[in-house]
Amino acid sequence: MTKKQKKILIRIIISAALLLFLHFVPSTGNRILDLAIFMVPYLIVGWDIVLNAFKKIFKGRLFDEEFLMMIATVGAFIVGEYPEATAVMLFYQVGELFQGIAVGRSRKSISDMMDICPDTAVVIRNGEEETVDPFEVEQGETLLIRPGEKVPIDGVITEGATSLNMSALTGESLPVEKNTGDSIYSGSINLTDVIKVETTAAYEDSTVSKILELVENSTDKKAKTEKFITKFSRIYTPCVVVLAVLIILICSLFTDMGVKESIYRGLIFLVVSCPCALVVSVPLSFFGGIGAASRKGILIKGSNFMETLSNVDTMVFDKTGTITKGNFAVDAIHPREVSADELIDIAALAESRSNHPVAESIVEAHGKHIAKDRLGEVSEIAGKGIRAVIDGKTYYVGNGKFMEEVGADYHECHLPGTVVHVSTGNLYLGHIVINDEIKADSAEAMEKIRQAGVKKTIMLTGDNSKVAEIVAKTVGVDSFIAGLLPDKKVSELEKILGNGRVVAFVGDGINDAPVLTRADIGIAMGALGSDAAIEAADIVLMNDSLGLIPSALKIARKTLRIVKENIVFSLAVKIGILILGALGLVGMRVAIFGDVGVLVLAILNSLRAMRVPR
Amino acid sequence: MKRSFKLEDLDCAHCAQKMEDAIAKIDGVKKVNVNFIAQKMILEAEDDRFEAVLAEAIKKIADVEPDCKVLV
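It should be emphasised that the depicted structure is a prediction, and the values quoted were computed from it without experimental measurement. (Residues numbered from 1 in each chain as written. Chains lettered and ligands numbered in written order. Predicted model: local features only at pLDDT ≥ 70, side-chain atom pairs only at ≥ 80, totals over all residues.)

(A) Geometry of the overall build of chain B. Counting its secondary structure elements, chain B contains 2 helices and 4 strands. For chain B, the succession of helices and strands along the chain, N to C, is β-α-β-β-α-β. Relative to the 2.2 N^0.38 estimate, which gives 11 Å for 72 residues, the radius of gyration of chain B is 11 Å and therefore close to what a compact globule would have. Summarising its shape, the C-alpha atoms of chain B cover approximately 30 × 20 × 15 Å along the three principal directions. Among the 72 residues that make up chain B, the fraction classed as buried is 42%. In chain B, the share of contacts with a sequence separation of at least 24, taken over all contacts with a separation of at least 6, comes to 62%. (Helix = DSSP H or I, 4+ residues; strand = E, 2+ residues; numbered from the N terminus. Rg over C-alpha atoms; globule rule 2.2 N^0.38 Å. Buried ≥ 20, exposed ≤ 12 C-beta atoms within 10 Å, placed from the backbone. Contact = placed C-beta atoms within 7 Å.)

In structure tokens, the structure reads:
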């Protein structure tokens, strides 16, 4: 509790004790004396509200809660309900205090959780250790990081080897071994040995600063539900005030209940005129949900994205690097006319300038020195393959379509995988089969994604349909679209979009930024250290396991459920009080108790969003 | 220019909404976001009028919640 909150708490306790005492003391029988007595607990707890209310009258802010609270309580004094007037002010302050404490707590618990960035860094300058603010460390300086310390800035280990706990970044608690030459990320904790690290970024461009910024600013992007609450709260207070005036007029003019009772009923309306419960609990729930997600290594860039994620019914996955590991390796070499060595030699030479994973796997399988001076003109034909001149002879290395085009008598392989055919002119020389491993947890994650309520899963891939079918069957996606050129992925996604579907696209963020942007929700995985992915995606998974997606779905659905519960519950109670109050069935004390009660319950409910569901 | 300010003792959520509405009406403000949860204000305004806009915004904040201070 802050000092200010403690002061208010003391005022509340004194005032409540006095009020309770007065409850057991008989009235003096003198109205003026009674009023003076009740003024004591009233002013102890509410003097600042009354003072602020007066200030606001002069500024013309007549729909402010403090002003309305003052009118309600002063009105109650005028109609002679002294204890009620005092109780209303007392409960109003209790509600405000509780709201302040709860929000402060949750803000603190989230910032503690995000306390992954150290306040100091030890930097080696002119051979001496200096302890400085991480802000002052420049790119290229050398840091000394001892066991137990947090890595303040991204860098590369120049001396030593250690294991790091990266759970604050990835949600994965198993330590990771890092050796000299490896990159490490700020926010990791050094566990075992002293290391020296050369920084590769300034503090503000480091991973940890970016994550903090994302999470802090995430509540600025408001969800539709939040916007609705904002609009609603703008009209709610004026409407209730107008209704209060109407009730007073109608009751006193058209019924025989008398002016005093009519005013009393109208005042009940003012007591519930603050939309506080909604205005506080809805953003608080989103903030809690985003905090819970970031603790698991899931960064949600806005409340709006969390809302959309909770409605996702179709998920589209990229294959390579998302469902599979993306580590291509040559499975088989089937030569014709030439030897296996000669075939791989030709293919490796032709592909040696490409950085495509398939090309790299061929070069790796070749394993020997590549004599680039044997290579003449090389041209890449998009979606088909490569035409290369080697030792003065033209070779074609690529897919079946390419072979057809050059008229080579090729045949598809009986093995599944990506097949690279080789020919010279129309003479077919054989093919190489390349495969990619499926991630160990993809199948399990796919099942959990379905359990979390996603109705349809689709896989997109540039590979041939034979490979796609096997991967799809193994991990259990509903359908797949194979043989897609990179630029066709967007148009395929566009066909899936619309029709009332809410579509998420999951990719590794490397080649699929346009698709990530186009989907209703773009989810990039394995994004640690990849700025492009963090930029393009709406939701960023810090490690490359599909297993985080079911967790993200659960957190989003839970958060939205809490938001809806709070909206329905708060409105139901408020409207209930308004109706019962108008009919004279509840008094002011019940009304304010109900109103503050709703506020407290809604806030407590929204705090549940901070807990990570299992 | 876009700057972020910490708000101290911003105690009620509906007040944050009112501040935001009031500041948005100031001449020269491009975008303003008063975030109750993060206790901060992000103010985007025309460069040459920024100081004037900020002074006006601080006044509006004090109108809504006299206890709330803007840390500049």
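(B) Examining the overall build of chain A more closely. From N to C terminus, chain A includes 21 helices and 22 strands. The C-alpha atoms of chain A give a radius of gyration of 34 Å, which is well past the 25 Å a tight globule of 614 residues would have. Considered along the principal axes of its C-alpha atoms, chain A spans approximately 120 × 65 × 40 Å. Here the contacts in chain A between residues at least 6 apart in sequence split such that 65% fall between residues at least 24 apart.

(C) Region of the structure containing the sheet that holds strand E19 (residues 479–481) of chain A. Residue and element names in this part refer to chain A. Within the open sheet, the 7 strands sit side by side as E10-E22-E21-E20-E11-E18-E19. Their pairing is mixed. A strand with exactly one partner marks an edge of an open sheet, and here the two such strands are strand E10 (298–300) and E19. Between one strand and the next, the sheet's axes are offset by a mean angle of 20 degrees, whatever the strand orientation. With 4 bridges connecting them, strand E11 (residues 314–318) and strand E20 (residues 503–507) associate as parallel partners. When the bridges of E20 are listed, Val-316 appears paired with Phe-505. (Pairing = 2+ DSSP bridges. Axes fitted to C-alpha atoms, helices over the stretch in contact; angles between N-to-C directions.)

(D) A look at the interface of chain A and chain B. Contacts between the two partners involve 24 residues from chain A, matched on the other side by 14 residues from chain B. Secondary-structure elements contributing two or more residues to the side of chain A that touches chain B are helix H2 (31–59), helix H4 (82–113), helix H7 (224–254) and helix H9 (276–295) of chain A. Ranked by residue count, the leading element in the side of chain A that touches chain B is H9 of chain A, at 6 residues. Its residues assigned to classes, the side of chain A that touches chain B comprises 9 nonpolar, 6 polar and 9 charged. (Nonpolar A, V, L, I, M, F, W, Y, C, P; charged D, E, K, R; others polar.)

(E) Fine view of the nonpolar core. Residues and elements named next belong to chain A. If you look at the biggest cluster of nonpolar residues, it comprises 166 residues, and the most contacted ones within it are Val-88, Ile-523 and Ile-539. Considering each element in turn, this core owes the most residues, 12 residues, to H9. Split by domain, the residues of this core number at least three in each of domain 1 (121–211) and domain 2 (297–320 + 440–557). Residue contacts for Ile-523: discarding those within four places in its chain leaves Ala-504, Phe-505, Val-506, Ala-537, Ile-539, Leu-541 and Ile-549. Of all hydrophobic cores here, the second largest spans 28 residues; its members include Val-330, Ile-346, Phe-402 and Met-403. (Core = buried A, V, L, I, M, F, W, Y, C linked by C-beta atoms within 7 Å. Domains from an automatic or database assignment.)

(F) Expanded view of the sheet that holds strand E5 (residues 162–165) of chain A. Residue and element names in this part refer to chain A. Sheet architecture is open: 3 strands sit in the order E6-E5-E8, paired in antiparallel fashion. Strand pairing shows two members of the sheet lacking a second neighbour, strand E6 (176–178) and strand E8 (189–190), which therefore form its edges. The pairing of E5 with E6 spans 3 bridges and is antiparallel. Of the residues in E6, the one forming a bridge with Thr-162 is Lys-178.

(G) Region of the structure containing the confidence of the model for chain B. All names here are of chain B. Looking at chain B as a whole, the pLDDT averages 85, with 100% of positions reaching at least 70. Averaged pLDDT values for the elements of chain B fall to 83 in strand E1 (residues 2–8) and rise to 89 in helix H2 (residues 50–64). As scored by the predictor, the complex reaches a pTM of 0.80 and an ipTM of 0.73. (pLDDT = per-residue confidence, 0-100.)

(H) The domain arrangement of chain A, seen in detail. All names here are of chain A. Taken domain by domain, chain A consists of domain 1 (121–211), domain 2 (297–320 + 440–557) and domain 3 (329–435). One C-alpha centre belongs to domain 1, the other to domain 2; they are set 32 Å apart. Across the contact, 9 residues belong to domain 1 and 7 residues belong to domain 2. Going through the elements one at a time, helix H5 (167–170) and helix H6 (207–217) are the ones with two or more residues in the side of domain 1 that touches domain 2.

(I) Quick peek at the packing of helix H3 (residues 65–78) of chain A against helix H8 (residues 258–271) of chain A. Residues and elements named next belong to chain A. Between H3 and H8, the least distance of the axes is 9 Å, while the angle of their chain directions is 155 degrees. Relative to H8, the element H3 lies roughly antiparallel. For the element pair H3 and H8, the recorded crossing hand is left-handed. Taking contact as the criterion, the partners of Leu-68, Ile-71, Ala-72, Gly-75 and Ala-76 in H3 are, on H8, Ile-263, Leu-267, Leu-270 and Val-271. Here the contact of H3 with H8 is composed, by residue class, of 8 nonpolar, 1 polar and no charged. (Parallel < 35°, antiparallel > 145°, perpendicular 65-115°, else oblique. Left-handed = near helix turned anticlockwise from the far one by under 90°.)

(J) A look at the environment of Thr-225 of chain A. All names here are of chain A. Mapped onto the elements of the fold, Thr-225 is located in helix H7. For Thr-225, a count of 21 C-beta atoms within 10 Å gives the class buried. Separated by 79 residues in the primary sequence, Thr-225 and Asn-304 have C-alpha atoms spaced 8.7 Å apart. Ignoring sequence-local partners within four residues, the contact set of Thr-225 consists of Val-282, Glu-307 and Val-563.

(K) How the structure looks around the environment of Lys-56 of chain A. Residues and elements named next belong to chain A. Structurally, Lys-56 can be placed in helix H2. Remark: the alpha-carbon pair of Lys-56 and Ala-572, spanning 516 residues in sequence, is separated by 30 Å. If we skip the residues at most four places from it in the chain, Lys-56 touches Arg-61, Asp-64, Glu-66 and Phe-67.

(L) Seen up close, the pairing of strand E1 (residues 121–125) of chain A. All names here are of chain A. Relative to strand E2 (residues 128–132), E1 is paired through 5 bridges, and the arrangement is antiparallel. Pairing of Val-122 across the sheet is with Thr-131, part of E2. What sits between the antiparallel neighbours E1 and E2 is a turn of 2 residues, in which Asn-126 has the positive phi angle 50 degrees. For E1 and strand E3 (residues 142–145), the ladder comprises 2 bridges, and the chain directions are antiparallel. Note on E3: the bridge partner recorded for Ile-124 is Thr-142.

(M) Broad picture of helix H13 (residues 357–366) of chain A. All buried positions along H13 of chain A are accounted for by Ala-359, Ser-361, Ile-362 and Val-363 of chain A. Looking one or two places after H13 of chain A, you find Gly-367 of chain A, whose phi comes out positive at around 70 degrees.

(N) Geometry of unusual backbone geometry. All names here are of chain A. One non-glycine residue, Glu-337, lies in the positive phi region at around 70 degrees. Its 13 C-beta neighbours within 10 Å are what place Glu-337 among the partly exposed residues. Positioned with a positive phi, Asp-391 is a non-glycine residue whose angle comes to about 50 degrees. Within the element layout of this structure, Asp-391 appears in the loop between strand E14 (385–390) and strand E15 (393–398).

(O) Up close: the pairing of E1 of chain B. Residues and elements named next belong to chain B. Where E1 lies against strand E3 (residues 40–45), 5 bridges are found, and the strand directions are antiparallel. Bridging across to E3, Arg-3 finds its partner in Leu-43. Across 3 bridges, the pairing between E1 and strand E4 (residues 69–71) is antiparallel. The partner of Leu-7 across the bridge, within E4, is Val-70.

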